[in-house]
Amino acid sequence: MCNCSGDSPAVDESTPAGDAEMRRSSSPASASKKAMRIGIAILGKPGPGVNNVIHGMMDYLNLPERHIPGTVVCVAMGIGGLRAGHTFELDEKTFSPHRNQGGCDLIGQSEPSDLRTLGEDLSLCAGTAIEQNLDGLVIWGGRNVHAWTSRLAEYFVEHQVPTRVLAVPASTQSDLPLVEQTLGYDTVCKHYASIVGNLTTQAASAGKLWCFIRIPGRSMSHIAAEVALQTHPHVVLMVSELEQQNMNITEVTQLICNVIETRAREDKNYGMVLIPDQFLASVREMRRLFEEIDEILQAVPEAEHALASNDFGTILGLLPPLSRALFQGFPERTKAQILQVIDERGSQKGKETLDLSTVETEIIFQSFVEAELTRRVVLGTYKGPFQAISYSLPYHGRAAMPTNFDCDLGYTIGYAAGIFVDASRTGLLVDVCHLKEDVEDWEVGGTPLSSLLTLQDVPRSGEKIHPKIGPKGRLRYDIGVDEGRCMPEPSQRTLVSPGPAQFEGPCAGQKTQTLRLPQLQRVRQMERTERLVSELKAKASAGCPPEVLQAIKQLLQETLSSSTHHCLHYHLKGGTDLLRQL
């Protein structure tokens, strides 16, 4: 990591709420006499904080210490504008209405999927950078975008294009590896938690209403984890638990129904079920169903033609019995949604995940739960009433007004990007750490994009080998599902409504729960580790053979060397130090 120790952020009370400024004592600008030009392009999905990144860049380029003010060059409409040279210079009058606002309507954006078709000819992007005389190019995006950004930076260096390429860690999923928290995550989580909290209040007030809520989230949904910690839903479907217990779709339905039945015995016929919209893509029966439907659509033209009229008979007749029974249980409109997704994008086979954001997963689980509860009523095991509504939140947070935290983070990233360009650094992801501390204590650095990349082991025939950035996992105790869980048992939870994000007052500086919890959970694990090592030491002092101690020490050292998590490194190091005292 390339650290900028002298440029840590500090809050300026005179700036608008949420803006952070960098300490300028050691800024490279003091020695710069050139009018810098830095471009910015949004190649990923929109998200809160993009205007704050631009704000930080503008303030750095117009420091009083600079002999000649610099210019922010906006690349319009993402990758299309970068290829075609559609740019404009940003001035204060144009930018002023967008300061601290959400959305990216100022410059427009392109989708990450556009890079597969429009992003291959890097020479066009280089031509725009040279034509516009850009000293730097700041790319906004998430994992998929920054895998491409690394290729662009390498191409510029290889062809001696004098434009420095910097990456902004912007993802509402907060799934970029080696990044504490990405820009936009704080805003969308608080926004979704506010909406979910309103629905929890409605359910509790009615006293007889269950809400099935779908929120955005890839297979390992960090958004679902954070919203759950803020609102305490009675059921939150997490892929980590699904994989750990090797659950199928029937067992997931039974899990939800068991919580409903337990609460019904206590006359609590209301509750909340939180479902990430990519959850179905992680269920093994669903993955098999998607692959079988994809094979049918490719092999049988009549089945594909029947999709236009929502005629599912051909596909149902060709599915194996188990998959046919599963697919028949879906509501009609979700059948059409699944078939449309597979027809347009294929199955999940060979892919990291299948985008099911247009499939109403909450409707599927609601219908499964209703069918199972009806069966239990017939058997006499369930006697309570059941009334449910479904609600989806697919795009509610991407254009939300950024919270104070994301305003500070976006400004800091934009300012730091200007410093890196001034220092002739390229191919870096701007990284801000110690985010759970006050803004004055944040540390700014740059992580080489190449350190985040992985390659496919066996590429498919005829396909180019392109690097990718894998998602950041979240340790189980980070979301409170290990010992000392952060929420009560599902049937005993009290719904919480955190309210809207605050911009002033004592709650304005609140951080996300998942940013603060890991430290607490790891302290608890460290206490448990020390207790176990103390027991081992007590047993060893009674006359344990040295060979046994040597074997234990070697086992700990091997585990330590293979660990990739800093917390595990810390725990095992403590255990090794104690063993060394024996």
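Computed from a predicted structure; not experimentally measured.

Draft legend 1. Quick peek at the pattern of salt bridges. Under the criterion given, the structure shown has 15 salt bridges. The shortest N-O distance in the salt bridge between Arg 151 and Glu 120 comes to 3.6 Å. On the criterion of sequence distance, the pair formed by Arg 151 in helix α6 (residues 143-158) and Glu 120 in the loop between α4 (115-118) and α5 (122-131) is long-range, its members being 31 residues apart. On the basis of relative accessible area, Arg 151 is assigned to the buried category, the value being 18%. Each of Glu 261, Arg 265, Glu 372, Arg 375 and Arg 376 takes part in a single network of salt bridges with overlapping partners.

Draft legend 2. Spotlight on the packing of aromatic side chains. Inspection of the entire model under this criterion finds 7 aromatic pairs. When the centroid spacing of 5.6 Å and the interplanar angle of 35° are considered together, the rings of Phe 330 and Phe 368 count as tilted. Of this pair, Phe 330 sits in the loop between α14 (321-328) and α15 (332-345) while Phe 368 sits in helix α16 (residues 361-379); the two residues are 38 residues apart in sequence, bridging distant segments of the chain. Here Phe 330 matches Phe 368 in class, with each residue buried. The rings of Phe 312, Phe 327, Phe 330 and Phe 368 are connected pair by pair, giving a single aromatic cluster. Sitting over the face of the ring of Tyr 270, Arg 263 holds its NZ or CZ atom 4.9 Å from the ring centroid. Against the face of Phe 327 rests Lys 335, its NZ or CZ located 5.9 Å from the ring centre.

Draft legend 3. Representation of a negative patch on the surface in the model. A contiguous patch of negative charge, built from Glu 437, Asp 438, Glu 440, Asp 441 and Glu 443, is present on the exposed surface. Note that Asp 441 resides in the loop between β13 (428-433) and β14 (443-448).

Draft legend 4. Region of interest: the sheet that holds strand β9 (residues 210-215). The strand order across the open sheet formed by 4 strands is β10-β11-β9-β12, and the pairing between neighbours is parallel. Edge positions in the sheet fall to β10 (235-236) and β12 (388-392), since each of these pairs with one other strand and no more. Those strands touched by helix α7 (residues 185-206) are β9, β11 (271-276) and β12, and its axis lies near 150° from that of β11. The sheet strands contacting helix α10 (residues 249-265) are β9, β10 and β11, and the helix crosses β9 at an angle near 150°.

Draft legend 5. Up close: unusual backbone geometry. The phi torsion at Gln 160 lies on the positive side, around 55°, for a residue other than glycine. With respect to the helices and strands, Gln 160 occurs in the loop between α6 and β8 (164-169). Not every positive phi belongs to a glycine, and Asp 267 is a case in point at roughly 60°. Topologically, Asp 267 is positioned in the loop between α10 and β11.

Draft legend 6. Layout of the packing of α10 against α16. Where α10 meets α16, the closest approach of the two axes is 9 Å, and the angle between their N-to-C directions is 65°. Considering the angle they form, α10 stands roughly perpendicular to α16. Of the two possible hands of crossing, α10 and α16 adopt the one that is right-handed. Along its contact with α10, which presents Ile 249, Val 252, Thr 253, Gln 254, Ile 256, Cys 257, Asn 258, Ile 260 and Glu 261, the element α16 presents Phe 365, Phe 368, Val 369, Glu 372, Leu 373, Arg 375 and Arg 376. Residues that form the contact of α10 with α16 fall into these classes: 9 nonpolar, 3 polar and 4 charged.

What counts and how
- Residues numbered from 1 in each chain as written.
- Predicted model: local features only at pLDDT ≥ 70, side-chain atom pairs only at ≥ 80, totals over all residues.
- Heavy atoms only, no water.
- Salt bridge = Lys/Arg side-chain N within 4 Å of Asp/Glu carboxyl O.
- Helix = DSSP H or I, 4+ residues; strand = E, 2+ residues; numbered from the N terminus.
- Buried < 20%, exposed > 50% of the residue type's maximum accessible area, 1.4 Å probe, protein only.
- Phe/Tyr/Trp six-rings, centres within 6.5 Å; stacked < 30°, edge-to-face > 60°.
- Lys NZ or Arg CZ within 6 Å of the ring centre and 35° of its normal.
- Patch = residues over 30% accessible without salt bridge, like charges linked within 9 Å, V, L, I, M, F, W, Y side chains within 5 Å.
- Areas by Shrake-Rupley, 256 points an atom, 1.4 Å probe, with all protein chains shown as cover.
- Lys, Arg positive; Asp, Glu negative; His and termini not counted.
- Charge placed at Lys NZ, Arg CZ, Asp CG, Glu CD.
- Pairing = 2+ DSSP bridges.
- Contact = heavy atoms within 4.5 Å.
- Axes fitted to C-alpha atoms, helices over the stretch in contact; angles between N-to-C directions.
- Parallel < 35°, antiparallel > 145°, perpendicular 65-115°, else oblique.
- Left-handed = near helix turned anticlockwise from the far one by under 90°.
- Nonpolar A, V, L, I, M, F, W, Y, C, P; charged D, E, K, R; others polar.

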